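Structural features, examined
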Amino acid sequence: SVAITEAQDVYFESRAEGQFSVRRRPGLELMSGITSDIGQGMYWSNRMQCLFVVASGKFYKYTDAFGTNIELTGVNLDDGTPATFAEAQKLDLSPICYVANNSLLAYTDGSTIVNPDDPATPTSTMVTSYNNRVWANDVFHRQDFYVTDVNEDGINDPTYWSSSVNPFRAGQKPDNIVAMASSWNEVLIWGCDSCEVWQEDGVTPVSPLVGSSIEAGIFAPHSLKKANNTWFALACLQGKRAVIKLNSRSPQVISEPIANELASYNTVSDARGMVIFTGGLNMYVLNFPTEKKTWAYDMKTETWTRWGVWDSSQAKYNNFLGVDALFSPLWNKHIIQTQQGSLYTISRQNYTDANTAIRSKVVTGWIDHGTWGRKRSDQLIIKLQTNQQGNYKILMRHRDDGRPQWSNYMEIPVSYLGAADSFAKLNRLGTYRSRQYEFIMTDPVDMAIVGLEEDVTGAIS
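Residues numbered from 1 in each chain as written. Predicted model: local features only at pLDDT ≥ 70, side-chain atom pairs only at ≥ 80, totals over all residues. Heavy atoms only, no water.

Remarks on the overall build of the protein chain
- When helices and strands are tallied, the protein chain shows one helix and 46 strands.
- The principal-axis extents of the C-alpha atoms in the protein chain amount to approximately 90 × 45 × 40 Å.
- A total of 461 residues make up the protein chain; the buried ones form 54% of that total.
- Within the structure as shown, the protein chain displays about 20,100 Å² of accessible surface, and the carbon and sulfur contribution to it stands at 46%.
- Across the protein chain, the mean location of the 40 positive side-chain charges is 11 Å away from that of the 49 negative side-chain charges. (Helix = DSSP H or I, 4+ residues; strand = E, 2+ residues; numbered from the N terminus. Buried < 20%, exposed > 50% of the residue type's maximum accessible area, 1.4 Å probe, protein only. Areas by Shrake-Rupley, 256 points an atom, 1.4 Å probe, with all protein chains shown as cover. Lys, Arg positive; Asp, Glu negative; His and termini not counted. Charge placed at Lys NZ, Arg CZ, Asp CG, Glu CD.)

Below, the structure is given as structure tokens:
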């Protein structure tokens, strides 16, 4: 059993015998192309049964899974800042959806997008809601936030911002509000160094929950996503960069395997988080657009892999295309928005990124078979699997004894045997003290590396 030191564009699938096979990550299929735009965010409304998309300051509405969109007119939005969304309902019980992205807070009823008539409406980057009360930060007074309240008629109005109780201040620590989110009948107000927990008290009308402050701030506000009743985020723990999960008051660090990578990045504030559930996968994906790196955390196996796009001209991986993701229960589609604003569906039945090859790669650790002496590789057996008929292959190469130079690639055929595994046997692969193997899958089919076993004779003088 050997640890994998590099895993690119793959995921680990558990097998009945308790082992894992290495498979290509889900691929993308184009749903709707929006030319030369900046992807700023998406929101699925169950009440209105439609998808809202913001790209380059434009607000789009999708009512079908075929990518037909309607551009909603009205007020202008910021054309670069990621968007956050929150739903509420007006006094006539008709649903509305707020959007905040560093411009005057706006909402849509599905036909147009407008600013509330209230002159106290804040300019915000974050908006959230619960109990039909809308909360939003104030970008000009960065410790302050506003909540909607009962209007002059004594009715809870989600478009009324002029309440005398506004604004509220997150002042337990002297840091600015960078993110807001609601769950469990509470609102989490995140700063750079800590997180305050607020709730409705029926009088004020909102107040901080005593003794509930969380000693974790946020480096990247749009990394904050919820999955499996747990919050995930790129957090600040006493100055340390760490990906955390939070389902109580104590953050749990899950990024120790990639801590060195996170510490090496110059820019992390623009990181975008995505939660992707497709084909039984449960992934939290963290995209760093400036650094051109993307990390994916598998919630089942608790493992990290890299996702990206292979740049053949530069012979390197860039970051993954997606910056936002959601699931449409009406269409039964998992939808990805790219940095350029286009929409894709993601599925384990897609083996390319819209006909662009996915270059899946795994690199083993240094294998020494328990001895530093030289040993001879008599036979390497690789267990492979594919569910499709055809002539497919994987590429393999190796390097020895810590040297940076790799051998030439070998092509290894993958045989279709129905549900059974196929075995590739390679004989007499030379001598070494320690060896590292690299495997690459590029064929656009369902393919897996199940395992490898090596027979050696050692130690050789």
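Additional details are given in the paragraphs that follow.
Some points on the nonpolar core
- The biggest cluster of nonpolar side chains holds 31 residues, and the ones touching the most others in it are Trp135, Phe145, Met180, Ile189, Trp190 and Leu224.
- Going through the elements one at a time, β17 (144–147), β19 (177–183), β20 (186–191), β21 (195–200), β25 (230–237) and β26 (240–246) are the ones with two or more residues in this core.
- When residues in this core are grouped by element, the largest group, five residues, is from β19.
- Within the second largest apolar cluster, 23 residues are counted, among which are Ala7, Ile382, Ala424 and Met447. (Core = buried A, V, L, I, M, F, W, Y, C linked by side-chain atoms within 4.5 Å.)

What to know about the sheet that holds strand β7 (residues 58–62)
- Taking strand neighbours across the sheet as the criterion, the four strands line up as β5-β6-β7-β8 in an open arrangement whose pairing is antiparallel. Each edge of the open sheet is held by one strand with a lone partner, namely β5 (39–45) and β8 (69–72). Neighbour to neighbour, the strand axes of the sheet diverge by 25° on average, direction disregarded. (Pairing = 2+ DSSP bridges. Axes fitted to C-alpha atoms, helices over the stretch in contact; angles between N-to-C directions.)

Details of the pattern of salt bridges
- A full pass over the atoms with the stated rule returns 19 salt bridges.
- The salt bridge involving Arg133 is made with Asp149; its shortest N-O contact spans 3.2 Å. Separated by 16 residues along the polypeptide, Arg133 in strand β16 (residues 133–137) and Asp149 in the loop between β17 and β18 (168–169) bring together distant segments of the chain. The two residues Arg133 and Asp149 agree in class, both being buried.
- Between Lys240 and Glu256 there is a salt bridge, with its nearest N and O atoms 2.6 Å apart. Taken together, the residues span a long stretch of sequence, with Lys240 in strand β26 and Glu256 in the loop between β27 (252–253) and α1 (259–264) at a distance of 16 residues.
- The exposure class assigned to Lys240 is partly exposed, which follows from its relative accessible area of 37%.
- One continuous salt-bridge network, built from bridges that share partners, spans Glu13, Arg23, Arg348 and Asp446. (Salt bridge = Lys/Arg side-chain N within 4 Å of Asp/Glu carboxyl O.)

As for the environment of Met283
- Mapped onto the secondary structure, Met283 falls in strand β29 (residues 281–288).
- For Met283 and Ser328, which are 45 residues apart along the polypeptide, the C-alpha to C-alpha distance reads 17 Å.
- If we ignore the near neighbours within four places in the chain, the residues touching Met283 are Met274, Val275, Ile276, Phe277, Ala296, Tyr297, Asp298, Met299 and Trp307. (Contact = heavy atoms within 4.5 Å.)

Digging into the environment of Ser45
- Its location among the elements puts Ser45 in strand β5.
- Accessibility expressed as a relative area gives 0% for Ser45, which makes it buried.
- Once residues within four sequence positions are removed from consideration, Ser45 is found in contact with Cys50, Phe52 and Glu87.
- Polar side-chain contacts of Ser45 include one of 3.0 Å to the backbone nitrogen of Met48. (Polar contact = N/O pair within 3.5 Å; in protein donor to acceptor, adjacent residues only side chain to side chain.)

Brief notes about empty space enclosed by the protein
- Scanning all chains against the criterion turns up one cavity of 30 Å³ or more.
- Of the volumes computed, that of the largest cavity is approximately 50 Å³.
- Surrounding the largest cavity, Ala170, Lys173, Asp175, Asn176, Ile177, Ile189, Trp190, Gly191, Ser194, Cys195 and Glu196 form its lining.
- Those elements that place two or more of their residues in the lining of the largest cavity are β20 and β21.
- For the lining of the largest cavity, the residue count by class is five nonpolar, three polar and three charged. (1 Å grid on protein atoms, 1.4 Å probe; cavity = no way out; pocket = protein on both sides within 12 Å on 5 of 7 lines; lining within 4 Å. Points joined across faces, edges and corners; volume = space filled by probe spheres on them. Nonpolar A, V, L, I, M, F, W, Y, C, P; charged D, E, K, R; others polar.)

Thoughts on the side chain of Thr305
- Structurally, Thr305 is set in strand β31 (residues 303–306).
- Since its relative accessible area comes to 3%, Thr305 is described here as buried.
- In this structure the side chain of Thr305 is engaged in a polar contact, spanning 3.3 Å, whose partner is the backbone oxygen of Val10.
- The contact partners of Thr305, leaving out residues within four places of it in the chain, are Ala7, Val10, Phe12, Thr294, Trp295 and Ala296.

Points about the packing of aromatic side chains
- Enumeration according to the criterion identifies 17 aromatic pairs in this entry.
- Between Phe232 and Tyr297 the ring centres are 6.3 Å apart and the planes differ by 50°, which places this aromatic pair in the tilted class. Here Phe232 is found in strand β25, whereas its partner Tyr297 is found in strand β30 (residues 293–298), with 65 residues between them in sequence.
- A residue is classified by how much of its surface remains accessible, and Phe232, at 3% relative accessible area, is buried.
- Among the aromatic residues, those joined into a cluster by ring pairs are Tyr130, Trp135, Phe145, Phe168 and Trp198.
- Arg25 extends its terminal NZ or CZ atom over the ring of Trp307, reaching a point 5.7 Å from the ring centre.
- The ring of Phe219 has Arg241 sitting right over it, with the charged end atom 6.0 Å from the ring centre. (Phe/Tyr/Trp six-rings, centres within 6.5 Å; stacked < 30°, edge-to-face > 60°. Lys NZ or Arg CZ within 6 Å of the ring centre and 35° of its normal.)

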